[in-house]
Every structure is written in structure tokens, then in C-alpha cells.
Amino acid sequence: AKELRSAREELNELKRRLQEEHQSHESSEAQHAEALQALKDDEQVGRLLEEQAQTLRKVEEGAEEVRRAHEELDELKRRLEEEQQSHESSEVQHTEALQALKSDEQVEHLLEEQAQTMRKLELRRAH
């Protein structure tokens, strides 16, 4: 009977240790599963960060294109303004030339009138 009791105690001890080992193994498996999930999460975060970096690069490239377009637009505005100023200057010169031509025509007309008056005076004197 003593050996039977001793055998039962040993069996119970073995069952208890087996149960502890089983629980320890389950705990290790749970930790392993958590570590795998954390690794998967890290990989997903890594992919998201890479996608975000690509998006940021595209935004920066777009901003650079917008900046260049603004520079081109500013250059076109500057050239248009120069053309307008040149055109206005040409118009002023044209107006001045027309005015000078009119003045020349008026002077010529006055000279013709003066010449006619002198011819009339000469004709009167001759008679």
C-alpha cells in the first residue's frame, strides 16, 4: 500500500509538472503569436511609411512643377509688359511723327499762301 501511495503521489507530481509544462508551452505559444503579430504590424507600418514617403515625393515633385510653372508665367507676364511698353512707346512715336507731319503740312500751306500773296503783290506792282 505504501508503494501504491508513493506511486500515486509520483503520478500526481508528474501530472502537475506536465500541466505546468503544458501551461508554460501555451504561454510561450501565445507570446510567439503576439511577437509574430507585432512583426506583421511592423511590416504593415513599414509599407505604409514607404507609401507615405512615395506620396510625399510625388507631392514635392508636383510642387516643383507648380513652382516652375509660376516662374514661366512670371516670365511671360514680364515679356508681355515689355511688349506693351514697347507698343505704347511706338504709338507715342507714331503720334509725334503724325503731329510733326501735320505741322509740316501746315507750314507748307502757310508758305504757299504767303507765296500766292507775294505773287499777287508783285502783279499789282507790275500794273
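Residues numbered from 1 in each chain as written. Predicted model: local features only at pLDDT ≥ 70, side-chain atom pairs only at ≥ 80, totals over all residues. Heavy atoms only, no water.

So, the overall build of the protein chain
Stage number 1. For the protein chain, the helix and strand inventory stands at 1 helix and 0 strands.
Stage number 2. Taking 2.2 N^0.38 as the reference for a compact globule, 127 residues should give roughly 14 Å; the C-alpha atoms of the protein chain span a radius of gyration of 54 Å, well beyond that estimate.
Stage number 3. Overall, the C-alpha framework of the protein chain stretches about 185 × 10 × 5 Å when taken along its three principal axes.
Stage number 4. Across the 127 residues of the protein chain, 0% fall into the buried class.
Stage number 5. Surface summary for the protein chain: the accessible area is close to 12,300 Å², and the carbon and sulfur share equals 52%.
Stage number 6. A gap of 4 Å separates the mean positions of the 20 positive and 34 negative side-chain charges of the protein chain. (Helix = DSSP H or I, 4+ residues; strand = E, 2+ residues; numbered from the N terminus. Rg over C-alpha atoms; globule rule 2.2 N^0.38 Å. Buried < 20%, exposed > 50% of the residue type's maximum accessible area, 1.4 Å probe, protein only. Areas by Shrake-Rupley, 256 points an atom, 1.4 Å probe, with all protein chains shown as cover. Lys, Arg positive; Asp, Glu negative; His and termini not counted. Charge placed at Lys NZ, Arg CZ, Asp CG, Glu CD.)

Section: the pattern of salt bridges
Stage number 1. If you walk through the whole model with that rule in mind, you get 8 salt bridges.
Stage number 2. Among the ionic pairs, Glu-71 bridges to Arg-67, the shortest N-O distance being 2.3 Å. Highlighted residues: Glu-71 and Arg-67, both in helix α1 (residues 2–126), separated by 4 residues, approximately one helical turn.
Stage number 3. We classify Arg-67 as partly exposed; its relative accessible area is 38%. (Salt bridge = Lys/Arg side-chain N within 4 Å of Asp/Glu carboxyl O.)

Thoughts on a negative patch on the surface
Stage number 1. Together, Asp-104, Glu-105, Glu-108, Glu-112 and Glu-113 line one region of the surface with negative charge.
Stage number 2. Mapped onto the secondary structure, Glu-105 falls in helix α1.
Stage number 3. Taking relative accessible area as the criterion, Glu-105 reaches 48% and is therefore assigned partly exposed. (Patch = residues over 30% accessible without salt bridge, like charges linked within 9 Å, V, L, I, M, F, W, Y side chains within 5 Å.)

Some words on the environment of Leu-73
Stage number 1. As for its position among the elements, Leu-73 is in helix α1.
Stage number 2. A C-alpha to C-alpha distance of 51 Å links Leu-73 and Glu-108, two positions 35 residues apart in sequence.

Function cannot be read off these values alone, since they describe shape.
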